[in-house]
Amino acid sequence: MNLDKLETKKQWNANPCGTGDYLSSLEYASLEWFEEVRRSRYEVTDTWMKETIDFSIAANKKLLEVGHGIGSDLLTFCEHGAEVYGIDITEKHHQLAKKNFELHRRPCQLKLCDAANIDFPSEYFDFVYSHGVLHHTPDTIRCIGEIYRVLKPGGTLILSLYHTYSAFHIFAKLAYQGLLRGDLKKLGYRGLMSTVEYGADGITVKPLVKTYRAQQLKHMLEDFLEVNIKVAHFKREHIPYLGMFIPRFLDKSLEPCLGWYILAFAQK
């Protein structure tokens, strides 16, 4: 297997997506544990998600999540009426997502599978959703080709990736951590960016982390009939020190240009 993909598996087998020390008081992989992950996701760390993504959009339709993690978003789509399927390359994610759905008594078909070779028939899904995943693989273009293949004509891709021109990338990672703290020299750009992910140190655990500009994303999705781009997730904390002088009410105004995620809503 490709070294980048092995690093990806190492990272998320050790630190499953959305988990962390804040869960230490709860029984591991219990119903309460999974629900706290979702509560933290939608109410604390990523409040923008439910404002930006319509989780009811796939009601009574088939939806595939590429990189399902521990199943938080996929379960939310399911609760809003979607017939859900998921793939992930990481064994721990696969195990935890299965447990998550079992505890919630919800149906789901999950496969341990590389998004570069999606193990589903062509033109099978009405929706494909992938949040914060395809910037971790060297096969991003191939994965998008596979997503296009499994989407029905008229089907929709909802894709989110890290944004190159985000405040978090420019100010928090490059300027503050990279230059002022010296981590760019010590770790290199690849190592520095890997530390975006919880538990990665940029040396012994170094998952691939890429960022994308709007024009790049549009080019990658050029086979789709219609592509709408949106930028989301800005907090003044993404600008160390100087951010404290930005009034909180301006967060929403700055989000469309400085947000950490760039999203595409693309129709086949």
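Scroll up for the structure.
My aim in this report is to walk through the structure given alongside it, one point at a time.

Description of the overall build of the chain
Along the backbone of the chain there are 10 helices and 7 strands. The C-alpha radius of gyration of the chain comes to 18 Å, within 12% of the 18 Å expected for a compact globule of 268 residues. When each of the 268 residues of the chain is scored for burial, the buried share is 53%. Intrachain contacts of the chain at a sequence separation of at least 6 include 70% that bridge at least 24 residues.

Thoughts on the layout of surface pockets
The gaps of empty space that remain are located by a probe, the size of a water molecule, rolled over the atoms. What the second largest pocket holds in volume is close to 150 Å³. Lining the second largest pocket we find Ile-141, Ile-144, Gly-145, Tyr-148, His-219, Met-220, Leu-221, Glu-222, Asp-223 and Phe-224. Those elements that provide at least two residues to the lining of the second largest pocket are helix H6 (140-150) and helix H9 (214-220). The greatest single-element share of the lining of the second largest pocket, amounting to 4 residues, is contributed by H6. Considered class by class, the residues forming the lining of the second largest pocket number 6 nonpolar, 2 polar and 2 charged.

Some thoughts on the packing of helix H7 (residues 167-180) against helix H8 (residues 183-194)
With their axes 8 Å apart at the nearest point, H7 and H8 run at an angle of 145 degrees to one another. For the pair H7 and H8, contact is made by His-169, Lys-173, Leu-174, Gln-177, Gly-178 and Leu-179 and by Asp-183, Leu-184, Lys-185, Tyr-189, Leu-192 and Met-193, respectively. For the contact of H7 with H8, the residue count by class is 6 nonpolar, 3 polar and 3 charged.

A few points about the sheet that holds strand S6 (residues 226-232)
One open sheet accounts for 7 strands, arranged S3-S2-S1-S4-S5-S7-S6; its pairing is mixed. In this open sheet, the two strands that pair with only one neighbour each are strand S3 (109-112) and S6. Adjacent strand axes in the sheet meet at a mean angle of 15 degrees, parallel and antiparallel pairs treated alike. Set on the sheet, helix H4 (residues 72-79) makes contact with strand S1 (62-66), strand S2 (83-88), S3 and strand S4 (125-131); between it and S2 the angle comes to about 170 degrees. Sheet contacts for helix H5 (residues 91-104): S2 and S3; angle to S3, the most-contacted strand, approximately 165 degrees.

Basis of the calculations
Residues numbered from 1 in each chain as written. Predicted model: local features only at pLDDT ≥ 70, side-chain atom pairs only at ≥ 80, totals over all residues. Heavy atoms only, no water. Helix = DSSP H or I, 4+ residues; strand = E, 2+ residues; numbered from the N terminus. Rg over C-alpha atoms; globule rule 2.2 N^0.38 Å. Buried < 20%, exposed > 50% of the residue type's maximum accessible area, 1.4 Å probe, protein only. Contact = heavy atoms within 4.5 Å. 1 Å grid on protein atoms, 1.4 Å probe; cavity = no way out; pocket = protein on both sides within 12 Å on 5 of 7 lines; lining within 4 Å. Points joined across faces, edges and corners; volume = space filled by probe spheres on them. Nonpolar A, V, L, I, M, F, W, Y, C, P; charged D, E, K, R; others polar. Axes fitted to C-alpha atoms, helices over the stretch in contact; angles between N-to-C directions. Pairing = 2+ DSSP bridges.

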